[in-house]
Amino acid sequence: MTDTAPRPDAQTSIPDRPSLEGLEEKWDGVWSEQELYAFDPDTTRDQVFSVDTPPPTASGSLHVGHVFGYSQADMIVRYQRMRGKNVFYPLGWDDNGLPTERRAQNYYGVRCDPTLPYDPDFTPPQEGGSNKSSKAANQIPISRKNFIELCEQLTTLDEKSFEEVFRTLGLSVDWNHSYQTIDAASRATSQRAFLENLAAGQAYQSEAPTMWDVTYRTAVAQAEQEDRDREGAYHRIGFTRTGAAEGDGTTGSTVYIETTRPELLPACVALVAHPEDERYQDLFGTTVTSPLFGVEVPVLAHPLAQPDKGAGIAMICTFGDSNDVTWWRELELPTRSVVGRDGRFLPEAPWITTEEGRAAYAELVGLTVFSAQKRVVEMVTESGDLVGEPQRISHPVKFYENGDKPLEFVTSRQWYLTNGGRDTTEGGLRDALIERGRELTWHPAYMESRYRNWVEGLAGDWLISRQRFYGVPFPVWYAVGADGETDYDTVLTPPVESLPIDPTIDVPPGYEESQRGVPGGFVADPDILDTWATSSLSPQLAGGWNAADGGEGRSSGGSLFEKVYPMDLRPQGHDIIRTWLFSTIVRSHLQQDALPWKHASINGWILDPDRKKMSKSKGNVVTPIGLLQQHGSDGVRYWAGRARQGVDTAFDEGQMKIGRRLAIKILNASKFALGFGEAPADPSGRLAADPAVVSDPLDRALLARLADVVDQATAAFDEMDYARGLEVAEPFFWAFCDDYIELVKERAHGNSPAGEAGAASARAALAIALEVLLRLFAPVVVFATEEVWSWWRDGSVHTQSWPEAAPLREAAAGQDAALVDSVAQAAITLRRIKSDAKVSQKTPILAVTVEAPQSVLPHLEAAAADLTALGRIEELELAVGEGEQILTRDIELGEPPVKQPRNKG
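Residues numbered from 1 in each chain as written. Predicted model: local features only at pLDDT ≥ 70, side-chain atom pairs only at ≥ 80, totals over all residues. Heavy atoms only, no water.

1. A closer look at the environment of Ser559
Here is step 1: Take Ser559: it is sitting in the loop between helix H13 (538-543) and helix H14 (560-564).
Here is step 2: Taking the relative accessible area as the measure of exposure, Ser559 reaches 1% and is therefore buried.
Here is step 3: Along the primary structure Ser559 and Ile585 are separated by 26 residues, whereas in three dimensions their C-alpha atoms are 22 Å apart. (Helix = DSSP H or I, 4+ residues; strand = E, 2+ residues; numbered from the N terminus. Buried < 20%, exposed > 50% of the residue type's maximum accessible area, 1.4 Å probe, protein only.)

Quick look at the structure:
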């Protein structure tokens, strides 16, 4: 830590009119030039505090929620730096994935067509999006490589604007250590981790029903899904029992089901009811025939069926919902898919064999799910198979979190990573991941239950493949048999040292490019890794895990990864516990058999005036630059620092205004306090002035009370509770400004019977308290504290050691801290005399009696001279009162001072 020696030119360094304007640009420039927040690689792990900083999605713009969460994390980091830690605080950019693709398509007016060849001279038709360019029909198709190059160009532009906001905000990140989730290093790291998972049997392929977004044409993992209420209807439709003559009127010849998905009638593979449902006991083991399409299907029993839902008997279709998938798997039913990857009905349904059934299905071919439902309802109405009017309902439907159409189940080959979703055995992977959550220290602690509930509720393994273009390619190929068929069981992999690779361009070992796509050759896996499959490796990416076996990042004592991993802190929002936090724990458990970090600090959401979460998708976000300019970065940081961890917080410019006033008060009060003159230096260097000259009881009491504040703030920050740290420091500061400085200013100027000794005591106490307060506020109010420090001390306040209570208590020499509280209360009472009389505070009090409890009276006697000076009292009498309050009586006010006219010359 830097020493706290005073500047030799302190008096001349204080500006005449301190201001917050321009401080962000000024100090960011200084910090950057000095590399103040750079990580020192010559270190040991126990000296390091490392942070797995959230990499923001580098597409579009930041919003106030980013400012909120990143400010809170920075407060924790700055405290740890002041505690002597060598802080590793990188910032990454999450620039691969769907948001970047969509933005590039709109911005440049292009779309990816992987069948096209690369054009090295391609120039996009535009730069800057429009409503026209957002439509696929108006976008120029380009090769995958051209498209990726444009995505990289655009993210570079966005990252520069993001960095400007974060610098303005005062984040103390080390800009020398940044990463992208799409650059060569990240691709190599992600591909290496996948290949290790593959070799360990933790990554596998499966041809199975998968939740699919028909707009984005990609599979969607469980963690990316959300329920949205959607209008629907139950349709009561009749199936004919096998052997019952049509229209013969036989009791029980028709079995009625109620469904919200009538368009899936051609995909029906069975009816199912609860095994104990008395209504359907005689049906189990028989068959029925579907209306319109004439397909015979069995009636089966399964405990998942709900007797009290609809008719109590349901049709199993492949696939309408997750229940269909469960029934299909456990009852070993056939697959009859009718919805394609584009969300339209497929051209073939070979299980429909009757002429009438084929004709009915032909009317659905090529229709969207919505249109097909409408047509099926029309047909079953015409045929008489629909009974009564549809019963309107509102029910939750699965959506991709970024999508605008309901998800569909589509059968496809996908890659999965084990995450405990299918391992429910005692002591298995699920139990191990739950135990990891217990090992982690959560801030706040109750967030652990959200993690545990998510793991316990997993319905399957992590689907990690995506049918997109801009991302990390799966580093595998498949052998092609002599018959020209792809052999998915023969997976070809590259050597680790060749990573990163693109299988659509690169060739597997032992093959040549001429063998691509031909019998006896190979084909590339066309998919990319889910963006979370790369982001979940953020500790490994930032720490240089993939380089640890080589030389990059090495210095004396080992690799960078060895010095920063496992990391100390993961700060993030509670909404991505189920995605980013959980997936990172999964990857670290599988790769390193360890937790990725020791602590998780969870911030809440920002809520709009309607108490709804602010998000880009909802269109209710506030961009931060205007707020930072209007209220100053310190004001905005103050608002973030007042919010408790994990608690959703209302967007409140009122709090930002309070924060701005606090920052301004730090400037102005510091100028005032430093204007009383220099205090003798502390020979030990522990305090800002020599504690030996602090002799006045009021001054000693101030330092005793400040020691209590330091203890409380330290305890709070040790628990990463920045809000509590600010909560205890701020009231003391305002009392210091409004009461203490006013009480001692005459004495500090030497205008007191206490003489030079009293003046020296006040000046030393002011210097000591001010310097400690600047360090207490430094993690939150970063620019104003640095500005004041520069007037008066060498170095930066942000590289000073955190204040300690022990030297303050030594300086207090056993004085009771309650003395300063009692005297401050008396000062407030005396000022109230004049405010109640509506006269200037400069009005003299000719006489007054102050009554106080017996225990308080000695405090007031010790500070009588300061109280007399504050109130301009000519005759002060102190007396024992009957109650517990400090009161005044026998008040005699003098004449208010004559207001002098302002000199206009």
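After that view, the rundown keeps rolling.
2. A few points about a negative patch on the surface
Here is step 1: A grouping of Glu874, Glu875, Glu877 and Glu892 is seen on the molecular surface, where their side chains present a negatively charged patch.
Here is step 2: Turning to its location among the elements, Glu892 is positioned in strand S30 (residues 887-893). (Patch = residues over 30% accessible without salt bridge, like charges linked within 9 Å, V, L, I, M, F, W, Y side chains within 5 Å. Areas by Shrake-Rupley, 256 points an atom, 1.4 Å probe, with all protein chains shown as cover. Salt bridge = Lys/Arg side-chain N within 4 Å of Asp/Glu carboxyl O. Lys, Arg positive; Asp, Glu negative; His and termini not counted. Charge placed at Lys NZ, Arg CZ, Asp CG, Glu CD.)

3. A word on the nonpolar core
Here is step 1: Counting 128 residues, the largest nonpolar core has Ile666, Leu706, Phe736, Leu766, Leu776, Phe777 and Leu808 as the members making the most contacts within it.
Here is step 2: Apart from the residues within four sequence positions on either side, Leu706 is in contact with Phe732, Ala769, Val772, Leu773, Leu776 and Leu808.
Here is step 3: Judged by nonpolar contacts, the second largest core, of 65 residues, contains Ala203, Val214, Ile434 and Leu492. (Core = buried A, V, L, I, M, F, W, Y, C linked by side-chain atoms within 4.5 Å. Contact = heavy atoms within 4.5 Å.)

4. Section: the sheet that holds strand S24 (residues 567-573)
Here is step 1: The parallel open sheet is built from 3 strands, whose spatial order is S17-S25-S24. Looking at which strands have only one partner, the edges of the open sheet turn out to be strand S17 (441-443) and S24. Pairs of neighbouring strands in the sheet enclose a mean axial angle of 20°, with direction left out of account.
Here is step 2: Sheet analysis places S17 next to strand S25 (residues 597-603), joined by 3 bridges and oriented parallel. (Pairing = 2+ DSSP bridges. Axes fitted to C-alpha atoms, helices over the stretch in contact; angles between N-to-C directions.)

5. What about the sheet that holds strand S18 (residues 462-463)?
Here is step 1: A sheet is described by the order of its strands in space; here 4 strands give the open sequence S8-S7-S16-S18, paired in antiparallel fashion. With partners counted over all chains shown, the strands left at the sheet margins are strand S8 (218-219) and S18, one partner each.
Here is step 2: Direction of pairing for strand S7 (residues 203-213) relative to S8: antiparallel, over a ladder of 2 bridges. Looking at the pairing, Asp213 lines up with Thr218 of S8.

6. Some remarks on the packing of aromatic side chains
Here is step 1: Inspection of the entire model under this criterion finds 29 aromatic pairs.
Here is step 2: Centre to centre, the rings of Phe68 and Trp639 are 5.2 Å apart; their planes meet at 50°, and the pair counts as tilted. Of this pair, Phe68 sits in helix H3 (residues 64-82) while Trp639 sits in helix H16 (residues 624-641), and the two are 571 residues apart along the sequence.
Here is step 3: Judged by its relative accessible area of 2%, Trp639 is buried. (Phe/Tyr/Trp six-rings, centres within 6.5 Å; stacked < 30°, edge-to-face > 60°.)

7. A closer look at the pattern of salt bridges
Here is step 1: Taken as a whole and assessed by the stated rule, the structure comprises 49 salt bridges.
Here is step 2: Between Arg45 and Asp568 there is a salt bridge whose closest N-O contact spans 3.0 Å. With Arg45 in the loop between helix H2 (23-34) and strand S1 (48-50) and Asp568 in strand S24, this pair connects stretches of sequence that are 523 residues apart.
Here is step 3: Taking the relative accessible area as the measure of exposure, Asp568 reaches 7% and is therefore buried.
Here is step 4: Here Arg809 ties to Asp708 by a salt bridge, and the two come within 2.7 Å at their closest N and O atoms.

8. Examining the side chain of Ser752
Here is step 1: With respect to the helices, strands and loops of the structure, Ser752 is situated in the loop between helix H19 (722-748) and helix H20 (755-777).
Here is step 2: We classify Ser752 as buried; its relative accessible area is 17%.

9. Some details on the environment of Phe777
Here is step 1: Relative to the elements of secondary structure, Phe777 occurs in helix H20.
Here is step 2: A sequence separation of 51 residues divides Phe777 from Leu726, and the C-alpha atoms of the two residues are 7.3 Å apart.
Here is step 3: Beyond its immediate sequence surroundings of up to four residues, Phe777 is in contact with Leu662, Ile666, Leu726, Ala729, Glu730, Phe733 and Thr785.

10. A look at the packing of H20 against helix H21 (residues 782-792)
A packed helix pair is summarised by two numbers, namely the angle formed by the two axes and the spacing between the axes.
Here is step 1: Look at H20 against H21: their axes get within 9 Å of each other, and the N-to-C directions meet at 145°. Of the two elements, H20 crosses H21, and the hand of that crossing is left-handed. Across the interface between the two elements, Ala767, Leu770, Glu771, Leu774, Arg775 and Phe777 of H20 pack against Thr785, Val788, Trp789 and Trp792 of H21. (Left-handed = near helix turned anticlockwise from the far one by under 90°.)

11. Looking at H2
Here is step 1: Between its first and last C-alpha, H2 extends 16 Å over 12 residues, near the 16 Å set by a 1.5 Å rise per residue.
Here is step 2: Leu23, Glu24, Trp27, Asp28 and Trp31 are the residues of H2 that are buried. The arc that holds the buried residues of H2, viewed along the axis, is 115°, so those residues lie on one side. Turned more than 90 degrees away from the buried face of H2 sit Glu25 and Glu33, all of them exposed.
Here is step 3: Here the buried face of H2 lies against H3, helix H5 (144-169), H16 and H21. (Expected span 1.5 Å × (residues − 1). Arc of directions from axis to C-beta.)

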